[in-house]
Amino acid sequence: MKAGVISWRRIREVEGYGTLIVDVRDSASYARGHYEGAVNIPYEQLERHISELVRYETIVFYCDFGSHSLMAAKRLSRMGVKAYSVLGGYEER
């Protein structure tokens, strides 16, 4: 399975049961503002949470500009999860 890229406008199309929105920015950035309903798993801690994440059907990752979220989406997509990275990251919101 290949990781996808999604825009903020289209994020509502994949939200719902079985979908998790993950903010991979650091905790301080998350505390300053985040997408409503997103959970914070800083990119550096992602590996610790893999066993939890693979339980979801779809995961949407975002970071500041899109690079870390794309790497996270690729990692999970190789494990069979439908994973997306938000194009341009949180700064494009």
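Structure report, in brief.

**Things to note about the pattern of salt bridges**
No. 1: Tallied over the full model, the rule gives 4 salt bridges.
No. 2: Residue Glu15 is joined to Arg12 by a salt bridge in which the shortest nitrogen-to-oxygen separation is 3.0 Å.
No. 3: Relative accessible area serves as the criterion here: at 60%, Arg12 is assigned to the exposed category.
No. 4: Across the salt bridge formed by Arg75 and Glu47, the nearest N and O atoms sit 2.8 Å from each other. Of this pair, Arg75 sits in helix 4 (residues 67-77) while Glu47 is found in the loop between strand 3 (39-40) and helix 3 (50-53), placing the two residues 28 residues apart along the sequence.

**Side note on the nonpolar core**
No. 1: Membership of the largest hydrophobic core comes to 16 residues, with the highest contact counts inside it found for Val22, Leu46, Leu53, Ile59, Phe61 and Leu76.
No. 2: Those elements giving two or more residues to this core turn out to be strand 2 (19-23), helix 3, strand 4 (58-62) and helix 4.
No. 3: Looking at which element gives the most residues to this core, the answer is helix 4, with 3 residues.
No. 4: Not counting residues up to four positions away in its chain, the partners in contact with Leu46 are Ile41, Leu53, Phe61 and Ala72.
No. 5: Core analysis: the next-biggest nonpolar cluster, separate from the first, contains 12 residues, Ile6, Val14, Ile21 and Tyr62 among them.

**Describing the side chain of Ser77**
No. 1: Within the secondary structure, Ser77 is located in helix 4.
No. 2: Taking the relative accessible area as the measure of exposure, Ser77 reaches 3% and is therefore buried.
No. 3: Ser77 has contacts with Met1, Lys2, Ala3 and Ala83, leaving out every residue within four places of it along the chain.

**With respect to the packing of aromatic side chains**
No. 1: Tallying each qualifying case throughout the model produces 4 aromatic pairs.
No. 2: Through successive ring pairs, a cluster of aromatic residues spans Trp8, Tyr35, Tyr62 and Tyr90.
No. 3: The residue whose ring lies beneath Arg93 is Trp8, and the NZ or CZ to ring-centre distance is 5.6 Å.

**Quick word on the side chain of Thr58**
No. 1: Mapping Thr58 onto the fold places it in strand 4.
No. 2: Once residues within four sequence positions are removed from consideration, Thr58 is found in contact with Gly18, Thr19, Leu20, Lys82 and Tyr84.

**Here we look at helix 4**
No. 1: All buried positions along helix 4 are accounted for by Ser69, Ala72, Ala73, Leu76 and Ser77. Relative to the axis of helix 4, the buried residues are bounded by an arc of 130° and lie together on one face.
No. 2: Lining the buried residues of helix 4 we find helix 3, strand 4 and strand 5 (82-86).

Rules used in this analysis
- Residues numbered from 1 in each chain as written.
- Predicted model: local features only at pLDDT ≥ 70, side-chain atom pairs only at ≥ 80, totals over all residues.
- Heavy atoms only, no water.
- Salt bridge = Lys/Arg side-chain N within 4 Å of Asp/Glu carboxyl O.
- Buried < 20%, exposed > 50% of the residue type's maximum accessible area, 1.4 Å probe, protein only.
- Helix = DSSP H or I, 4+ residues; strand = E, 2+ residues; numbered from the N terminus.
- Core = buried A, V, L, I, M, F, W, Y, C linked by side-chain atoms within 4.5 Å.
- Contact = heavy atoms within 4.5 Å.
- Phe/Tyr/Trp six-rings, centres within 6.5 Å; stacked < 30°, edge-to-face > 60°.
- Lys NZ or Arg CZ within 6 Å of the ring centre and 35° of its normal.
- Arc of directions from axis to C-beta.

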